[in-house]
Amino acid sequence: MIAIGNYVKPKTIEDAYDLNQVRGSRVMGGMMWMRLGNARVKTLIDLSDLGLDQIEDEGNVIKIGAMCTLRQVEQCESLKALYGDGIAESIRHIVGVQFRNQATIGGSIYGRFGFSDVLTAFLALDTFVELYDGGIIRLAEFVNRKADKDILLSIIVRKSKRQFRYASIRQTKTDFPVIACAMVTGIVHDRETWYFSVGARPMKAALLEKHWEIPPDVSEEKIAEYAREAASEFTYGSNMRGSAEYRQHLAEVLLRREMTSILRERR
């Protein structure tokens, strides 16, 4: 269980950041995963009074406050208008509605958990994170940074005309994914670009970029070749949910299905 010495709810982000620099301090999100661990926390910092619980459509970007719940993101109409049901699909399997009403997107992204559906989905999109001290950086860069004492303020999704798909495999409906795959494609710098994000490998999600000009009427055999090539460029590991070989096979199948779905939509 987790043991907490002091509970503090700062009124400014500056105060929260200063408190977090003290050894033994930790930032509190929804406390859904943190409370399950064995730890002694000297000072727990609650960000719920800092106005970080809103989703704002700012024209060129959608800005999601770090304290927004997964349920808010799941039901966001602006994200649905851009990417269909893809974002909701990446979230709806996470435990249950009660859990998603408390778990925060900031906790999911900042934690960079290997099992995270949310990280896998947003990594494939044109996504940035806003840090109090570190400023705005690409999520793809943030994922590979070492953990520090900065504070995540928001997740920023830049709007673009891209097709998005998400799929995962689970042993049971609300379990952690055995494998999770997201795919995005669109025209970037005048050429067709495909982004593949694979998570629950069981390591944290990784991103692959390919410049493939694929016609809508491409054969099923050729799509399978593309999916096999993409899946083979990720590293996989084994644990109680599956072997590395099994995960690679599942990734290949999911990527093929997602690519097929996107190409059929273009016909």
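Definitions and limits used
- Residues numbered from 1 in each chain as written.
- Predicted model: local features only at pLDDT ≥ 70, side-chain atom pairs only at ≥ 80, totals over all residues.
- Heavy atoms only, no water.
- Axes fitted to C-alpha atoms, helices over the stretch in contact; angles between N-to-C directions.
- Helix = DSSP H or I, 4+ residues; strand = E, 2+ residues; numbered from the N terminus.
- Parallel < 35°, antiparallel > 145°, perpendicular 65-115°, else oblique.
- Left-handed = near helix turned anticlockwise from the far one by under 90°.
- Contact = heavy atoms within 4.5 Å.
- Nonpolar A, V, L, I, M, F, W, Y, C, P; charged D, E, K, R; others polar.
- Buried < 20%, exposed > 50% of the residue type's maximum accessible area, 1.4 Å probe, protein only.
- Arc of directions from axis to C-beta.
- Pairing = 2+ DSSP bridges.
- Disulfide = S-S within 2.5 Å.
- Core = buried A, V, L, I, M, F, W, Y, C linked by side-chain atoms within 4.5 Å.

Observations regarding the packing of helix H9 (residues 220-232) against helix H10 (residues 244-266)
Okay, step 1: Contact geometry for H9 and H10: axes closest at 8 Å, N-to-C directions at 130°. In this view, H9 runs oblique relative to H10, as classed from their interaxial angle. Crossing handedness for the pair H9 and H10: right-handed. Where H9 approaches H10, its residues Glu220, Ile223, Ala224, Tyr226, Ala227, Arg228, Ala230, Ala231 and Ser232 are matched on the opposing element by Gln248, Ala251, Glu252, Leu255, Arg256, Met259, Thr260, Leu263 and Arg264.
Okay, step 2: Split by residue class, the contact of H9 with H10 holds ten nonpolar, three polar and five charged.

Points about helix H1 (residues 13-20)
Okay, step 1: Every buried residue of H1 is accounted for by Ile13, Ala16, Tyr17 and Asn20. Buried residues of H1, seen end-on, are gathered within an arc of 100° and therefore sit on one face of the element.
Okay, step 2: The secondary structure elements touched by the buried residues of H1 are strand S2 (25-28), strand S3 (39-46) and strand S8 (152-158).

Focus: the environment of Glu229
Okay, step 1: Inspection of the secondary structure assignment puts Glu229 in helix H9.
Okay, step 2: The class for Glu229 is partly exposed, based on a relative accessible area of 35%.
Okay, step 3: C-alpha of Glu229 to C-alpha of Arg247: the two residues are 18 residues apart in sequence and 14 Å apart in space.
Okay, step 4: When neighbours within four sequence positions are excluded, Glu229 is seen to be in contact with Lys210 and Trp212.

As for the sheet that holds S2
Okay, step 1: Strand order in the open sheet made by the three strands is S1-S3-S2, with parallel pairing throughout. Two strands lie at the open edges of the sheet, namely strand S1 (2-8) and S2, each paired on one side alone. Within the sheet, the average angular offset between the axes of one strand and its neighbour, ignoring direction, is 40°.
Okay, step 2: Here four bridges tie S2 to S3, and the two strands are oriented parallel to one another. For Val27, the partnering residue across the bridge sits in S3 and is Ile45.
Okay, step 3: Sheet strands touched by H1: S1, S2 and S3. Its angle to S2, the strand with the most contacts, is close to 140°.

Some details on the state of the cysteines
Okay, step 1: Per the counting criterion, the structure on display carries zero disulfides.
Okay, step 2: For Cys68, which is in no disulfide, the shortest distance to another cysteine sulfur is to Cys76 and amounts to 8.7 Å.

Looking at the nonpolar core
Okay, step 1: In terms of nonpolar packing, the biggest core is built from 41 residues, with Ile64, Ile105, Ile109, Phe122, Leu139 and Phe164 touching the most fellow members.
Okay, step 2: The dominant element in this core, judged by the number of residues it contributes, is helix H7 (residues 117-124), at six residues.
Okay, step 3: For Ile105, the contacting residues outside a window of four places in its chain are Ile64, Gly65, Ala66, Cys68, Leu70, Val73, Val118, Phe122 and Ile155.
Okay, step 4: Core analysis: the second largest hydrophobic core is formed by 27 residues, Val178, Leu208, Leu250 and Ile262 among them.

With respect to the pairing of strand S9 (residues 163-170)
Okay, step 1: Counted residue by residue, S9 has seven buried out of eight residues, so it is predominantly covered.
Okay, step 2: Pairing of S9 with strand S10 (residues 177-188) involves eight bridges; the strand directions are antiparallel. Paired with Phe164 across the two strands is Val184, which belongs to S10.
Okay, step 3: The hairpin turn running from S9 into S10, its antiparallel successor, is six residues long.

Describing the sheet that holds strand S5 (residues 61-65)
Strand pairing in a sheet takes place through backbone hydrogen bonds and is either antiparallel or parallel in direction.
Okay, step 1: Taking strand neighbours across the sheet as the criterion, the five strands line up as S4-S5-S8-S6-S7 in an open arrangement whose pairing is antiparallel. At either margin of the open sheet sits one strand with a lone partner, and together these are strand S4 (55-57) and strand S7 (135-138). Recorded for the sheet is a direction-independent mean angle of 20° between the axes of neighbouring strands.
Okay, step 2: Alignment of S4 against S5, held across three bridges, turns out to be antiparallel. Bridge pairing links Asp57 to Ile62 in S5.

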